[in-house]
Amino acid sequence: MTLATATKRSARGPRTSGPPDHGAWFLVLPALIPILVLSVGPLLYGIALAFTDSQSGRTEPTQWIGALNFQDLLHDTLFWDSFRIGLLWAFGVTVPQFFLALGLALLLNQPLRMRWLARALAIIPWAMPEVVVGIMWRLVYHPDAGVLNETLSCLGLGKGEDWLTGTATALLAVIVVGIWAGMPQTTVALLAGLQNTPRELHEAAAMDGAGAWRRFRTVTWPAIKPIALAITALNFIWNFNSFALVYVLTQGGPGGRTRLPMLFAYEEAFRYGQFGYAAAMGCVMVAVISVILAFYLVGRLKGGDEA
């Protein structure tokens, strides 16, 4: 190829059309295959299972029953009660978790002494498995020898409460644990957004006489708003789909007061062997999460258009 030809081609700019590069698929396959095998495949199988009468221990072959499982689900008051509890749990954990994490992120963003140590201590709950967190908090809530009741007794605030088995306190107790366990990742995400906010904007606002609240409202919040919306939506989805933490703490009790939808589906599938019915519950939960994601994406797109 001559120098003149190369000059002409470079003057045309980069190619924007042409035959697809099939070699790129070989680079994507190592990441695509696990997603198809471990995520998409089980999801499609679960959707198909929801339209069958699959049960454990039956000798007859599984039959296709159409939408009968979904019809039964519409009249299942226990499932919709667990759905209500799941929404209370998700909102009760996500909203306080965000505000507490925002306050902690603002604090850790200040030039404090031993700030590195404070940041390390703040993410300790994130590094602990949910099973370990559940066992630890069961010891904290123990009615006879728990740290919480011992502290309240020493302060003269009560003789002790059966936090995890009391019908009035069980849901609140597990919500507190959910807030504590999930706050670190929200704090880290918001702290990253705060550190990426240009200090020049804060200095300019301060020179104009803006107070701390006004600087937060006009400078800090617009900078971290996309991160805040994203992490809040993800937290809501994660909390709504919670299983291990609540299972270790209460196993859905007492009397179903903490039976989240995932726990209810687990019991139907692995305690009572109703695989098809449990799969229908899973489909309903996937549909709810999809609607939430759709609202979130539409809001993000509208926000991007306005910007």
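None of the values given here were measured: they were computed from a predicted structure.

Trainee: I'm lost on the UniProt feature "transmembrane region" (unreviewed entry) in the chain in this one. Help?
Mentor: Within this structure's numbering, the places UniProt gives as "transmembrane region" (unreviewed entry) are residues 24-51, 87-108, 120-140, 163-183, 227-249 and 275-298. Secondary structure over residues 120-140 splits into 86% helix and 0% strand, and the C-alpha atoms at its two ends are 23 Å apart. Along residues 227-249, the helical share is 87% and the strand share 0%, with 31 Å between the first and last C-alpha atoms.

Trainee: When you look at the packing of helix H4 (residues 77-108) against helix H11 (residues 212-240) in this model, what are you seeing that I'm missing?
Mentor: At a closest axis distance of 10 Å, the pairing of H4 and H11 adopts a crossing angle of 145 degrees. Judged by the sense of rotation from one axis to the other, the crossing of H4 with H11 is right-handed. Between H4 and H11, the residues in contact are Phe83, Gly86, Leu87, Trp89, Ala90, Phe91, Val93, Thr94, Gln97, Phe98, Leu102 and Leu106 and Phe216, Thr220, Trp221, Ile224, Ala228, Thr232, Asn235, Phe236, Asn239 and Phe240, respectively. When grouped by side-chain class, the residues that make up the contact of H4 with H11 number 15 nonpolar, seven polar and no charged.

Trainee: Just checking my understanding: could you explain the pattern of salt bridges for this structure?
Mentor: Between side chains of opposite charge, pairing is possible as soon as their charged atoms come close. Enumeration according to the criterion identifies three salt bridges in this entry. The shortest N-O distance in the salt bridge between Arg84 and Asp81 comes to 2.7 Å. Within this pair, Arg84 and its partner Asp81 are both found in helix H4, separated by three residues, close to a single helical turn. A salt bridge links Arg259 to Glu267, with the shortest nitrogen-to-oxygen separation between them at 3.4 Å. A relative accessible area of 9% means that Glu267 is categorised as buried. The network of salt bridges with common partners includes Arg259, Glu267 and Arg271.

Trainee: What am I meant to see in the environment of Leu263 here?
Mentor: Mapped onto the fold, Leu263 is located in helix H13 (residues 261-271). Leu263 sits in the buried class, given a relative accessible area of 2%. Look past the residues within four positions of Leu263 in its chain and what remains in contact with it is Phe243, Val246, Tyr247, Gly252 and Thr258.

Definitions and limits used
Residues numbered from 1 in each chain as written. Predicted model: local features only at pLDDT ≥ 70, side-chain atom pairs only at ≥ 80, totals over all residues. Heavy atoms only, no water. UniProt positions renumbered as here; feature names shortened; annotations may be inferred. Helix = DSSP H or I, 4+ residues; strand = E, 2+ residues; numbered from the N terminus. Axes fitted to C-alpha atoms, helices over the stretch in contact; angles between N-to-C directions. Left-handed = near helix turned anticlockwise from the far one by under 90°. Contact = heavy atoms within 4.5 Å. Nonpolar A, V, L, I, M, F, W, Y, C, P; charged D, E, K, R; others polar. Salt bridge = Lys/Arg side-chain N within 4 Å of Asp/Glu carboxyl O. Buried < 20%, exposed > 50% of the residue type's maximum accessible area, 1.4 Å probe, protein only.

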